[in-house]
Amino acid sequence: MSNIDRRTLMKGSLAAMMAGAAFSRGAFADTSEPILLGVSGPLTGPNAQYGTQWKQGFDLALDEIMAAGGINGRKLAYQFEDSQSDPRQSVAIAQKFVSDPRIVMELGDFSSPASMAASPIYQRGGLVQFGFTNSHPDFTKGGDFMWSTSVSQADEQPLLAAYAVKRLGLKKLAVLHLNTDWGRTSRDYFTNAAKEYGAEIVVTEGYIAEERDFRSTLVRVRDANPDGLILISYYSDGALIARQARQVGLKQVICAASSVYSPKFIELGGEAVEDVHVGTRYFPEDTRPEVQKFIAGFKKKYNGQEPDAFNAYSYDAMNMAAAVVKIGGTDRKAIRDAFTKVKDVSSVIFGSATFDVASRRVKGAMNAELVVRKGQFALWDGKPT
Amino acid sequence: MSSWLDYTINGLIVGNVYALVAVGLALIFGVSRLINFAQGSIYLVGAYIGWVAVVQLHTPLPLTIIVVAVAAAIVGLIIERFGLRPLQNSVRIAPLLATIGISFVLDQLVMLTFSPNPRALPSQLPDVRFQVGGGTIGPLDLLIAGVGLTSAILLFVFLRYSKLGWAVRATAQDRDAAMQMGVDVNRVNQAVFGIAAALGGVSGLLVGMYYNQIDTAMSLQATLKGVVAEVVGGAGNVPGAVIGSLLLGLVESYGVAVFGTSYRNLFAFLLLVVVLVLRPNGLFASARQAPPEPLTGTFIAPSRPVRIPRWVLLAAAAIFAILPFFPVSFYVLQTLINAWLLGMLALSLTLVAGTIGQVSLGHAALLAIGAYTSALLSLTLNVPVGLAIICGGLMSAALGTLLISPSFRLRGHYVSIATLAIGEIVSLVILNWESVTRGPIGISGIPPLSLFGYELISPTSIYWFSFTVMVVLALLQGRLLGSHLGRSFRAIRDDDIAARAYGLSLNRYKSLAFIFGGFAAGVSGGIAAHLYSYINHETFNTQQSILALTVVILGGLGNVVGAMLGAVALVGLPEVFRIAAEYRILIYGIVLLLLVRFRPQGLLGTM
């Protein structure tokens, strides 16, 4: 018994010493030191491209924040830890961030398994986990330290359904979706809304992320005889499906979720994606100043490269983080509370973004109805294709 | 009815695509008895060299093909000379592992050079389409078919009628005899690697053009499908690889036709398992072919294990046990928790791969079975977490052994391939069996670890819990290995024919090993599920199976202490290199290569 007591005592005093050290470091921190955000995301492995895109959006936002005087005169910076979007690594990173007093808030991870595996650690450690690509319906249910600007699919898919059914007049739909948590949730919201608007879903096909060959899937689609194809895909698989659909002779109207919105979609899809309809959260010709500023800044910083959806998410996320830190300061709990206080943050995806405190997500994503014309995304002029 | 024609044509077209990779794999296997896991990476390199040629240098198609073939061949020669030739006289598993390390290095180099964003690789053939059935065929489809078939025929002729071809076949039959007859075995190997790499590179180019898309993640899928096609056709048989590929394409296409898209890969891997069970050497293995592996101790390096004095082990255990009392960060503890979880998996694998000689490449499936069982029991039936984890272990033991039992009669590489397939099948069943596993949505809100009503949520308590479980499992396994049973296991590994002659029932002993191993892996998966609180079908993937195998080989096959040491090293290494961000997997690959080169029997040696 006394043994256990001694152990507990020893452990307690060590913990106190550590806490003390952490506190003193925090209290006497040099204000010329940057305010540090932790980022957990993929830089290597199969999702590496998304981590690279995040960085571009983050860096652009940080440039602008610095130019505007930083966070009350202090620099804002991030520390990017490569998780490969692997849950084992994201939990270790979570412990690293939680126990590093310099980190005031965390952004990421990319995929649901990696993010949600780390959530309990962030929740217990009292560090905000700001997942800006986490549309899994349960992500923000992980606790009151989980916040997200990822557009809830409950919000977005009915808009796509309205575009396809009400505006384009498609009555018999074939739905092809990525068979992941995201694709599956999106599909369910989409089909419910589409049925509500009076359309019939004649075939649904879920495919895995590594799939490259869709010809046989498309024969199934052809045999179901739809008058429109709905793609709940990312840009690379979306472009592949469109190409192969045209190759096997399907001429139906194609309508795709906003996740295909990327210049890469057109580059990879070529002529096959001409006339594809896309409901999107932003597009470059949107005249809103925040969008124009983002696009101009992005092209200038990255040699004329066109930004895509993931660049926009990460850019918005960094701006949102800055707005929150401005209110909350560097105290982790105050930062969490600041999420309930930020109002109307200028953003590309939402126009002016405010969190819904109950769902800890942002509501009211912008929606534009686009179509690919002459190798470019353009606002849909209402004419059938 | 016309749809079936379309499904058939589509199956043949994608089968052609697989054949491009499978032929190269078959050629290398035919000579070196090596499954070249780097073939997919050469394919990747070929695709990107092709991109540079087409998009930046605007080369015409024939020149593009030559450029890619030559460049890929050079890469192949470099791999052969510096990656594999030094391993000639070491254990069979060493070159296999080296190809995995090489694939890490190549993939990362391509990613660092070209960024991970997918790129468009425009086809240089005119985009005319011919109507066939309800679908169409284009010139590129025909070119791919042409390249696949022509290379198979040319290789067949080369092997059968040319002098170097004879040398290649002689080397394949009996390396030492060939050498004594004056065949320059190294030159043969070089030629084969050069040809296979050129083929691999060209296939990357053509497949990239076919999809108008290349990305740095395409290599693993290519390797997987290529290996399946090759083994179905009969490993090492070049025309067999083409037929195996076409068959694979057809089975996938018909699978989609009947059951839908999400079952596609399930049928690919089921085909493989069925073929292996019915015809363990593949469909077209000739009767005259030499046995696929020598009969004794295929994978096991002859080595004297490092004897660690008992007091060192006790001291190490004591240090790890009291570690949380020292001011170490939770990050270090969490990293070690990952190591202990991987250690349990490694114990399981070191028993089946090391002690009884069944090298498994699908061990992550056992984690998944344990994790899902434990998560679902505690979540839906409110079974206490401690008990649920034990049930997870039992379920992995039972189901895992049952699933793997068809592979018991296989040998050497075929066991690895069969278990690889079983691992994929488990993952795809989890994805598709929605009423039980919740499909792609995964299981969230899994209750945290708890023991007798006390929740273990601090890293310190989870650390002690997982460390204790691992140590108990390790002690049990040590006891097992020291017993009569353990000696029987090793006897089966070292010479199964002698063991059978002596009256040992191979299947029964292999089952026993898988039951014990399955339990340890299932417990590891169960703990992970409660630690993560969310799992889906991707949480435990092929990469984890490969990692586990690497750990086991690093530590020393069959070596209990080695498994734990390997786990700490391989969980620790990437964390140590974390600072190197994008470069860390590259460094990891190089470290792996160096280890295989200089210590193929593992750090602590084979038991």
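Criteria and thresholds
- Residues numbered from 1 in each chain as written.
- Chains lettered and ligands numbered in written order.
- Predicted model: local features only at pLDDT ≥ 70, side-chain atom pairs only at ≥ 80, totals over all residues.
- Heavy atoms only, no water.
- Helix = DSSP H or I, 4+ residues; strand = E, 2+ residues; numbered from the N terminus.
- Buried < 20%, exposed > 50% of the residue type's maximum accessible area, 1.4 Å probe, protein only.
- Contact = heavy atoms within 4.5 Å.
- Areas by Shrake-Rupley, 256 points an atom, 1.4 Å probe, with all protein chains shown as cover.
- Lys, Arg positive; Asp, Glu negative; His and termini not counted.
- Charge placed at Lys NZ, Arg CZ, Asp CG, Glu CD.
- pLDDT = per-residue confidence, 0-100.
- Phe/Tyr/Trp six-rings, centres within 6.5 Å; stacked < 30°, edge-to-face > 60°.
- Lys NZ or Arg CZ within 6 Å of the ring centre and 35° of its normal.
- Buried area = accessible area lost by both parts, 1.4 Å probe.
- Salt bridge = Lys/Arg side-chain N within 4 Å of Asp/Glu carboxyl O.
- Polar contact = N/O pair within 3.5 Å; in protein donor to acceptor, adjacent residues only side chain to side chain.
- Nonpolar A, V, L, I, M, F, W, Y, C, P; charged D, E, K, R; others polar.
- Pairing = 2+ DSSP bridges.
- Axes fitted to C-alpha atoms, helices over the stretch in contact; angles between N-to-C directions.

S.K.: For the overall build of chain A, give the residues involved together with the corresponding values.
M.R.: Helix and strand content of chain A: 12 helices and 16 strands. Reported as C-alpha extents along the three principal axes, the dimensions of chain A are approximately 75 × 50 × 35 Å. Looking at chain A as a whole, 63% of its 385 residues are labelled buried. A separation threshold of at least 6 residues defines the contact pool for chain A, and within that pool the share at least 24 residues apart is 67%. On chain A, roughly 14000 Å² of surface is accessible, and the fraction owed to carbon and sulfur atoms is 53%.

S.K.: Lay out the overall build of chain B with the relevant residues and their values.
M.R.: Looking only at helices and strands, one finds 24 helices and six strands in chain B. Judged by the C-alpha coordinates and their principal axes, chain B covers about 70 × 55 × 50 Å. Looking at the 607 residues of chain B, the share that counts as buried comes to 62%. Of the contacts made within chain B by residues no fewer than 6 positions apart, 80% connect residues no fewer than 24 positions apart. In the structure as shown, chain B presents an accessible area of about 22200 Å², 69% of it carried by carbon and sulfur atoms. Looking at chain B, you have 32 positive and 21 negative side-chain charges, and the mean spots of the two groups are 11 Å apart.

S.K.: Talk me through unusual backbone geometry; I want residue IDs and the actual numbers.
M.R.: Residue and element names in this part refer to chain A. Cis rather than trans, the peptide bond between Gly108 and Asp109 has omega equal to 5 degrees. Non-glycine residue Asn303 carries a positive phi angle of around 50 degrees. Mapped onto the secondary structure, Asn303 falls in the loop between helix H10 (289–301) and helix H11 (309–328). We classify Asn303 as exposed; its relative accessible area is 78%.

S.K.: Describe the confidence of the model for chain B, listing the residues and the values that go with them.
M.R.: All names here are of chain B. On average, residues of chain B carry a pLDDT of 87, and 97% of them reach 70 or more. Averaged pLDDT values for the elements of chain B fall to 78 in strand E2 (residues 135–137) and rise to 95 in helix H14 (residues 364–380). Segment residues 292–297 is flagged for pLDDT under 50; beyond a separation of four residues in sequence, or across chains, it makes 17 contacts in the model. Here the predicted complex scores 0.87 on pTM and 0.87 on ipTM.

S.K.: Please set out the packing of aromatic side chains residue by residue, giving values where relevant.
M.R.: In the structure shown here, the tally under the stated rule is 41 aromatic pairs over all chains. Measuring from ring centre to ring centre gives 6.3 Å for Phe320 of chain B and Phe467 of chain B, while their planes differ by 45 degrees; the resulting arrangement is tilted. Placement of the pair is Phe320 of chain B in helix H12 (residues 310–322) and Phe467 of chain B in helix H18 (residues 459–482), with a sequence separation of 147 residues. Under the relative-accessibility criterion, Phe320 of chain B is labelled partly exposed at 27%. Considering the side-chain rings of Trp340 of chain B and Phe467 of chain B, the 5.0 Å spacing of their centres and the 50 degrees angle between planes classify their relative orientation as tilted. On the criterion of sequence distance, the pair formed by Trp340 of chain B in helix H13 (residues 330–355) and Phe467 of chain B in helix H18 is long-range, its members being 127 residues apart. Judged by its relative accessible area of 2%, Trp340 of chain B falls in the buried class. Classification of Phe467 of chain B as buried rests on a relative accessible area of 8%. Here the aromatic cluster, defined as three or more aromatic residues joined through ring pairs, consists of Tyr50, Trp54, Phe58, Tyr78, Phe80, Phe110, Phe132, Trp182, Tyr234, Phe310 and Tyr313 of chain A. Residue placement shows Arg81 of chain B over the ring face of Phe82 of chain B; its charged tip is 5.5 Å from the ring centre.

S.K.: Can you lay out the interface of chain B and chain A for me, pointing to particular residues and giving the numbers?
M.R.: If you look at the interface, chain B gives 72 residues, while chain A gives 67 residues. Both faces combined, the contact of chain B with chain A buries some 6200 Å², and carbon together with sulfur accounts for 53% of it. Scanning the region where chain B abuts chain A turns up six salt bridges. Of the charged contacts, one joins Arg184 of chain A and Glu434 of chain B as a salt bridge, the two residues approaching to 2.3 Å between their closest N and O atoms. Inspection of the chain B/chain A interface yields 26 residue pairs in polar contact (both at pLDDT 80 or more). Looking at the side of chain B that touches chain A, the element that brings in the most residues is helix H1 (residues 2–32) of chain B, giving seven residues. Each residue belonging to the side of chain B that touches chain A can be placed in one class, and the counts come to 32 nonpolar, 29 polar and 11 charged.

S.K.: Could you give an account of the sheet that holds strand E4 (residues 129–130) of chain A, with specific residues and numbers?
M.R.: Residue and element names in this part refer to chain A. Strand order in the open sheet formed by five strands is E2-E1-E3-E4-E5, with parallel pairing between adjacent strands. What marks the edges here is a single partner per strand, and that holds for strand E2 (76–82) and strand E5 (146–147). Here two bridges tie E4 to E5, and the two strands are oriented parallel to one another. Residue pairing across strands places Phe130 opposite Trp147, the latter belonging to E5. Packing of helix H2 (residues 48–67) onto the sheet brings it into contact with strand E1 (35–41), E2 and strand E3 (103–108), and relative to E2 it is tilted by some 170 degrees. Contacts from helix H3 (residues 87–98) reach E1, E2 and E3, with the element oriented near 145 degrees to E2.

S.K.: Tell me about the pattern of salt bridges, residues and numbers included.
M.R.: Residues and elements named next belong to chain A. Counted according to the given criterion, the structure contains 27 salt bridges over all chains. Ionic pairing is found between Arg88 and Asp86, a salt bridge with its closest N-O pair at 3.2 Å. For Arg88, a relative accessible area of 16% gives the class buried. Accessibility expressed as a relative area gives 12% for Asp86, which makes it buried. Across the salt bridge formed by Arg184 and Asp188, the nearest N and O atoms sit 3.8 Å from each other. With Arg184 and Asp188 both in helix H6 (residues 181–196), this residue pair falls four residues apart, about one helical turn. Judged by its relative accessible area of 29%, Asp188 falls in the partly exposed class.

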